[in-house]
Amino acid sequence: MSAKPAQLEQGGHARSANLWLEALYNLRHSPSALLGMTIIGALVVIAIAAPVFATHDPIKTMIGVPGETGRLPSKPPCIPLLGCEEPQHILGLDLNARDLYSRVIYGARTSLSVGVITISLSIIVGTALGITAGYVGGRADNVIMRLMDVVLAFPALLLAISIVTILGPGLTNALLGITITFIPQYARLSRASVLSIKEQEFVLAERALGASPWRIVLAHILPNAITPIIVQGTLGVGTAILDAAALSFLGLGAQPPTPEWGQILSESRNYLFTSPHLVFFPGIAIMITVLGFNLLGDGLRDALDPRLNRH
Amino acid sequence: MLTFVLRRLTFSIPVIFGIMIVTFALARAIPGDPCLAVLGERATPEICEAFARRNGLDQPVPVQLLIYMRNFAGGDLGDSLRFHRPVMELLVERLPTTVELGCFALLFAISIGVPIGVLSAYRHKSALDVGTMIGANIGVSMPVFWLGLMLAYLFAVLLKDTPLALPPSGRLTPGANPQPFYALWGWVVEGQEPAGILVFFSRINTLNALLTLNGELLVDALRHLILPAVAVGTIPLAIIARMSRSSVLEVLSQDYVRTARAKGLREGKVVGVHALRNALLPVITVIGLNFGLVISGAVLTETIFSLTGVGRTLVDSITSRDYTLVQGFTVVIAAGFVLINMVVDIMYGYLDPRIRFN
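Residues numbered from 1 in each chain as written. Chains lettered and ligands numbered in written order. Predicted model: local features only at pLDDT ≥ 70, side-chain atom pairs only at ≥ 80, totals over all residues.

A.B. asks: Got a minute to help me understand the overall build of chain B in this structure?
C.D. replies: Across its full length, chain B holds 16 helices and zero strands. If one aligns the C-alpha atoms of chain B with their principal axes, the spans along those axes are about 85 × 60 × 45 Å. Buried positions account for 38% of the 358 residues belonging to chain B. Of all intrachain contacts in chain B linking residues separated by at least 6 positions in sequence, the fraction that spans at least 24 positions is 75%. (Helix = DSSP H or I, 4+ residues; strand = E, 2+ residues; numbered from the N terminus. Buried ≥ 20, exposed ≤ 12 C-beta atoms within 10 Å, placed from the backbone. Contact = placed C-beta atoms within 7 Å.)

Next comes the structure, spelled out in structure tokens:
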């Protein structure tokens, strides 16, 4: 109750702007959020500057290249860090004699963009649906939310697999499939926020002053509802990356020779017992990326939660 | 309480209807002609026409949906186009693998996740707490299929000749042919098919081993279960540990816990009786929600560990356009998901009267 007068005085915008500044301030003191930001920052740099970091063309086979001495995965991996004197392939070659290190580096591009695009799309669609349901109410609310219930009733990966099978395997369709499974989360979150905000005095006052529904939604409801969505979205990027990797692993996502971590894993899994490093490194790359988003999401949640506010 | 259960039950019915319609539509939308997929590319139009008539595919789609719903209510899920056997029979044959895997995965997750979460909340900011949270964050971030492959490599290759070696595939050692409990107990008449429910339970190897008092079979089944169950259970474990930690932390700072301590109750009683009962409520919800994760995990893990469960069968059937099977399996899984969430809600209502009366 104590927050109400402040909201009335400042309106939605000012309050959320303060909250964000405060959140940024709190984030500086959260080691997990800082670590998460560092990991994501480093990955973004690697993804953008992949040609600089990579030592070879990620889709070019090394067979027949003059001066090439790399060993195929049937032989033990040659890793310079472990004292092997064959410096041209840092993590060795994959089964098509391509440079594994360069493929993993380029994989950052695919995985990061899949994660971010998927979550952005599902936030846009989910929030639009949730706000409509919450603001309009009545039959629209009922129809939209029951539909969301049905989508949520399917285990996410299973639904994504079915959608990709219908649309055909490929990265874009995998992205669409995963997007659909994420929409209900954001619809539910934004609907709940709208329901709690739309009856508050500052919204009622705005309505009494004759503001259009669009203005009320965009200027007052959205800024107030966005906080939990951002937190959920940051955590969601990690899950989306895992789902995309899983689809590629099942052969439904990125297709060869695209360097995508799940796809590299899928190609190499039959060589697990002879060349485990082919499976190990792309998996570690997925784990570190997802970890980065999870740490940042957790930090954001703590920083934005007024109940945990220590100031 | 009864009104609450009934209200919750009526709420689930439209969702299950929705699931059936969506699954039906999804299965019909899978591209390609099922006739050509099943009978081969060289099937003539006449043969395909007969195939469509036999499988009811020549009827208008709404009629197909109605027939499907009527049959479903009677427990008939149709015949698999690929296996030429009733989908129900395949479900009875393959669901036990997934149920067993899922149960052991959840058992692993709960039996380790809850105590670790509670302990690290109790010892807030200790080395144990920090370690648990780092471990939980890493656990949530691991791809299930990668973890499965790495576990297989570790226990089947690196630890091959040690007592810790574990088999990387299958449910039992090849050649093992366990006697079902109903046969041992003489519950089945010679020359007659045993009831589906008996077959279902007898195919849960660990249960069958316990019922037939077969120690050797139990050890063999458990040894095969450990790796896939750990792979599937790790993400739920991390989530459950985090959830129980944060809810115990919240409860421990409440006034009534302070009161309990102030009036001189023993610490064990304060935490064990007063705090845990309330703290574990949200944990129950999380356990229910993890069912979806377990199913997704099972789809991937069954592929890696060569287990013929519903997950792997479903993925194979989607690619071979066996849509009666896809339809049947998906509806059963999704309906199971809805029912489990319903049971979780009812349990929640039972444990927390505020929910029941609102």
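A.B. asks: Can you walk me through the overall build of chain A in this structure?
C.D. replies: Counting secondary structure elements, chain A contains eleven helices and zero strands. Secondary structure elements of chain A occur, N-terminal to C-terminal, as α-α-α-α-α-α-α-α-α-α-α. Out of the 311 residues in chain A, the part that is buried amounts to 46%.

A.B. asks: Looking at this structure, how should I read helix H1 (residues 2-29) of chain B?
C.D. replies: Residue pairs three or four apart in sequence face the same way in an α-helix, which turns once every 3.6 residues. A rise of 1.5 Å per residue sets the reference length of H1(B), with its 28 residues, at 40 Å; its end C-alpha atoms lie 41 Å apart and thus fit the reference within 8%. For H1(B), the complete set of buried residues consists of B:Val15, B:Ile19, B:Met20, B:Val22, B:Thr23, B:Phe24, B:Leu26 and B:Ala27. Buried positions along H1(B) lie against helix H5 (138-153) and helix H6 (156-167) of chain A together with helix H4 (61-73) and helix H15 (323-351) of chain B. (Expected span 1.5 Å × (residues − 1).)

A.B. asks: Even after reading the chapter, I still don't get the packing of helix H5 (residues 87-122) of chain B against helix H14 (residues 310-319) of chain B, so can you show me in this structure?
C.D. replies: A pair of packed helices is captured by two measures, namely the crossing angle of their axes and the spacing between those axes. All names here are of chain B. It is at 7 Å that the axes of H5 and H14 come closest, and there the two elements cross at 125 degrees. Here H5 is positioned oblique relative to H14, judged by the angle of their axes. Contacts from Arg94, Leu95 and Thr98 of H5 reach H14 at Val310, Gly311 and Thr313. Partitioning the contact of H5 with H14 into residue classes produces two nonpolar, three polar and one charged. (Axes fitted to C-alpha atoms, helices over the stretch in contact; angles between N-to-C directions. Parallel < 35°, antiparallel > 145°, perpendicular 65-115°, else oblique. Nonpolar A, V, L, I, M, F, W, Y, C, P; charged D, E, K, R; others polar.)

A.B. asks: Whenever I open this one, the interface of chain B and chain A confuses me. Can you help?
C.D. replies: How big an interface is tends to be stated in terms of the accessible area lost upon association of its parts. With 35 residues of chain B in contact, the opposing surface of chain A contributes 32 residues. Looking at the side of chain B that touches chain A, the elements that each hand over two or more residues are H1, helix H6 (127-141), helix H7 (144-158), helix H13 (267-304), H14 and H15 of chain B. Taken together, the residues of the side of chain B that touches chain A sort by class into 28 nonpolar, seven polar and no charged.

A.B. asks: Can you walk me through the environment of A:Leu175 in this structure?
C.D. replies: In this fold, A:Leu175 is placed in helix H7 (residues 171-198). Spatially, the C-alpha atom of A:Leu175 lies 8.7 Å from that of A:Ala240, the residues being 65 residues apart in sequence.

A.B. asks: Hey, could you run me through unusual backbone geometry in this one?
C.D. replies: Glycine aside, residues mostly have negative phi, and peptide bonds are mostly found in the trans state. With an omega of 5 degrees, the peptide bond running from A:Pro256 to A:Pro257 counts as cis. Mapped onto the elements of the fold, A:Pro257 is located in the loop between helix H9 (213-249) and helix H10 (261-268). Positive phi, normally seen in glycine, also occurs at B:His84, with a value near 55 degrees. Tracing the chain through its elements places B:His84 in the loop between H4 and H5.

A.B. asks: In this structure, what is going on with the confidence of the model for chain A? I would like to understand it.
C.D. replies: Reading fine detail from the predicted coordinates is not recommended where pLDDT is low. On average, residues of chain A carry a pLDDT of 82, and 84% of them reach 70 or more. Residue range residues 1-12 of chain A is modelled with pLDDT below 50. Its contacts to residues more than four positions away, or to other chains, number 13 contacts. (pLDDT = per-residue confidence, 0-100.)

A.B. asks: Help me out: how do you make sense of the packing of H13(B) against H14(B) in this one?
C.D. replies: Residues and elements named next belong to chain B. Look at H13 against H14: their axes get within 7 Å of each other, and the N-to-C directions meet at 80 degrees. The angle between H13 and H14 falls in the class roughly perpendicular. Here Ile295, Ala298, Val299, Glu302 and Thr303 of H13 come into contact with H14, specifically with Gly311, Arg312, Leu314 and Val315. Of the residues in the contact of H13 with H14, the class split is five nonpolar, two polar and two charged.

A.B. asks: Before we go on, may I ask you to explain the environment of A:Ile230 in this structure?
C.D. replies: You can see A:Ile230 is positioned in helix H9. Separated by 71 residues in the primary sequence, A:Ile230 and A:Arg301 have C-alpha atoms spaced 8.9 Å apart.

A.B. asks: Just checking my understanding: could you explain the environment of A:Tyr106 for this structure?
C.D. replies: Residue and element names in this part refer to chain A. Tracing the chain through its elements places tyrosine 106 in helix H4 (residues 100-136). We classify tyrosine 106 as buried; it has 22 C-beta atoms within 10 Å. Between the C-alpha atoms of tyrosine 106 and phenylalanine 53, which are 53 residues apart in sequence, the distance is 9.0 Å.

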